[in-house]
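Each chain, letter by letter, is given below.
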Amino acid sequence: MASLDSPSLPPPRATAVLRWDIFCHVIDNYGDAGIAWRLARQLVAEQGQQVQLWLDDLPVLAALVPGVDENADRQCIDGVWLRQWLPDWQPEPVADVVVETFGCNIPAEYIDAMAASERPVLWLNLEYLSAEPWVEGCHGLPSKLPGNLQKYFFFPGFTDKTGGLLREADLLAQRDAFQGSKAEKIACLQSYDVRPEPQAMLISLFSYEVPALAGWLDDLREGEPVCLLIPQGRVWGDVERWLGVEALAVGEQYRRGSLTLHALPFAAQDDYDRLLWCCDFNIVRGEDSFVRAQWSGRPFLWHIYRQDDDAHRVKLEAFLALYLASFSETCGAALRQFWLDWNTGAELGDSWRTLRSERTGLQPGAQRWCEAQSQHENISQQIVTFAREGLIIAPADLA
Ligand code: TRH
C-alpha cells in the first residue's frame, strides 16, 4: 500500500443522495458477493443512496439472494441495481463514489473515465476484515496514484478507529424478537424438518474441510444430545466419510448415538441468520458468516480462511485477543483452545469436552461481545459519512 498523510477532512456537506458503483470480483465461495450485496442493500435501504452493484459471478449471489436472475444484464433487487460485470466493459457514466471490494481491479476504461470526470469522484477500496492493530492506522488513508486520482482505504474492524462491521439497523431488534419467541424458533427449525429433543444442544456447522472432524463427531455421538445442522457445502465430504455414505442429500437426517445430523439446504442469506439465532453454538467461516455469528449473540467457532503464508494465524490471534476479553479466564481459554485445534487440524475431543464444561459462561460472554460491538457505527453509516466528507476535498488539498 502506498502512503500517506491522513488529510484533515472538512465537515460533511449536506445530506445529498450520492450515486455509488460497487465492484465485486468473486474470488471463490460466497463471502465476496455476500459482503458486497449487504453493503449495497444497506446503502439503499438505510442511507437512501443510489447504488449499482457490478458483479462478475451472478450465480453466486443468486444462491444467497432470492429473486436474482443469473443471466440478466441489469436488474433491480431491493432497490439495488445489479449489473453483470462482463470482461468486455462498455462505457458507463461514472458514479460519485466508486467502491472496489477487496482490491478487485476495476475496468481500466472506467478508471480513465474517473480521471477525466469534471465532477469529483471518490474512489474507495473496501478491505478485508481484520482485528489486527495496524488496521486502525490505515483506515481512511489515501493512496497516491498517477494523475489526479486518489484512492482511499476503508477498513472494517472492531474498534472506533475502524470502519465498523456490516449490521442492518434493525438486525438486533429482529434477533431479539426472534430469540424471545419459542414459536418462531420451532417454526424456523421445522421449515428444515428439524425437530430436536428439548434438551439437545443445537449446533450449526458451516466450515471448510476439517481433517479431524471424524474424531469430533465420534465424541458428539457419546456425549449429551446434540443436534447438528449442516448446510450444504464444503464440509459435507468429511461428514459423508464419517457416516459411510456416498453422498448426502438435502433433507436427510442421521442418528448416531446421542448425535442427530441434518443435511440442510444452503439457505437464503436472511434465513441463514435465523438459523444462527436458533443455535446454541455456531461454527462459521470466512468473513461474512463470521460477522453474522457475532450478531447472533451466541458463542461460536471461526474456521478462518487459510492463507498461504499463514497470515490467517495472526488474524485469528488478533481477533481472539479482543473477543476473549468478554469471557471469564477459564471460558476464554477453553474457547481459544477449541478454535486453535479446529484451525490447525488437531484432534478436537479434549478441547471440545473442556469447552462444554464451561458452557454456562459461553452465552453471557457472547452477548457481552455483541452488545459492545453494536455500540460502534456500522459500515454503511461510516462509509457514507466518509464519502460525503471526501467528496468536498479538491485533489489539490491532498497534495
Ligand atoms: O463462503 P466464504 O468462505 O467466503 C469468503 C470467500 O472465500 C472469500 O474469497 C474470502 O475472502 C472470504 O470468505 C474471507 O465465507 P463467508 O464470508 O462466511 O461467506 C458465506 C456467505 O454465505 C455469507 O454471506 C452467509 C452466506 N450463507 C447463506 O446465505 N446461506 C447459508 O446457508 C450459508 C451456510 C451461508
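Position numbers for residues start from 1 in each chain and track the written sequence from start to end. Only residues with pLDDT of 70 or above have their local features reported here, since the model is predicted, and side-chain atom pairs are shown and tallied only from 80 upward, although totals for entire chains, interfaces and linings are computed over all residues. Water and hydrogen atoms were dropped before computing side-chain values, which therefore reflect all heavy atoms in the structure.

### Focus on the layout of surface pockets
Phase 1: Cavities and pockets were defined on a 1 Å grid built over protein atoms only: a cavity is a set of grid points that admits a 1.4 Å probe from which the probe cannot escape, a pocket is an open set flanked by protein on both sides within 12 Å along at least five of seven lines, and lining residues are those with an atom within 4 Å of any such point. Grid points are joined across faces, edges and corners, and a volume is the space filled by probe spheres set on the points. Within this model, the largest pocket holds a volume of roughly 840 Å³.
Phase 2: Breaking the lining of the largest pocket down by element, the ones donating at least two residues are α1 (31–47), α4 (134–138), α9 (269–278), α10 (288–295) and α11 (311–323).
Phase 3: Helix and strand assignments follow DSSP, with helices taken as H or I runs no shorter than four residues and strands as E runs no shorter than two, numbered in order from the N terminus. Tallying contributions element by element places α1 first for the lining of the largest pocket, with five residues.
Phase 4: Class assignment for the residues of the lining of the largest pocket results in 22 nonpolar, nine polar and eleven charged. Asp, Glu, Lys and Arg are counted as charged, while Ala, Val, Leu, Ile, Met, Phe, Trp, Tyr, Cys and Pro are counted as nonpolar; the rest, among them Gly, fall into the polar class.

### Considerations on the site of the ligand
Phase 1: Only heavy atoms are used to decide nearness, and a residue is near a molecule or strand if one of them lies within 4 Å of it. Taken together, 23 residues sit near the ligand, with D28, Y208, A267, D288 and S289 positioned nearest.
Phase 2: Any pair of nitrogen or oxygen atoms within 3.5 Å is treated as a polar contact; in protein, a donor-acceptor pairing is required on top of that, and neighbouring residues in sequence qualify only through side-chain atoms on both sides. With respect to the ligand, the side chain of S289 contributes an N or O atom lying 2.5 Å from an oxygen atom.
Phase 3: With residues, only the protein chains shown are counted as cover, and all accessible areas are computed by Shrake-Rupley using a 1.4 Å probe. Computed on the free molecule, the ligand has an accessible area of 710 Å², of which 98% lies beneath the protein chains in the complex.
Phase 4: Among the secondary structure elements, those contributing two or more residues to the shell around the ligand are α1, α9 and α10.
Phase 5: Examining the composition of the shell around the ligand, we find that three residues originate from one element, α1, more than from any other.

### Points about the domain arrangement of the protein
Phase 1: The assigned domain composition of the protein is domain 1 (2–166 + 377–398) and domain 2 (171–373).
Phase 2: Per the annotation, domain bounds derive from an automatic or database assignment of domains. Computed from C-alpha coordinates alone, the two centres of domain 1 and domain 2 are separated by 31 Å.
Phase 3: We call two residues contacting when some pair of their heavy atoms lies within 4.5 Å. Taken together, the contact between domain 1 and domain 2 spans 20 residues of the former and 24 residues of the latter.
Phase 4: Defined in terms of a 1.4 Å probe, buried area is the accessible area two parts forfeit on being brought together, summed over both. Each partner contributes to the roughly 2000 Å² buried at the junction of domain 1 and domain 2, and carbon and sulfur atoms together form 54% of this total.
Phase 5: Every case where a carboxyl oxygen of Asp or Glu lies within 4 Å of a side-chain nitrogen of Lys or Arg is listed as a salt bridge. Linking domain 1 with domain 2 are two salt bridges, by the criterion used here.
Phase 6: Measuring nitrogen to oxygen at the nearest pair gives 2.9 Å for the salt bridge that ties R38 to D288.
Phase 7: The tally of links between domain 1 and domain 2 comes to ten residue pairs in polar contact (both at pLDDT 80 or more).
Phase 8: Of all elements in the fold, only α1 and α2 (58–64) reach the threshold of two or more residues within the side of domain 1 that touches domain 2.
Phase 9: Broken down by element, the side of domain 1 that touches domain 2 gets its largest block of residues, five residues, from α1.

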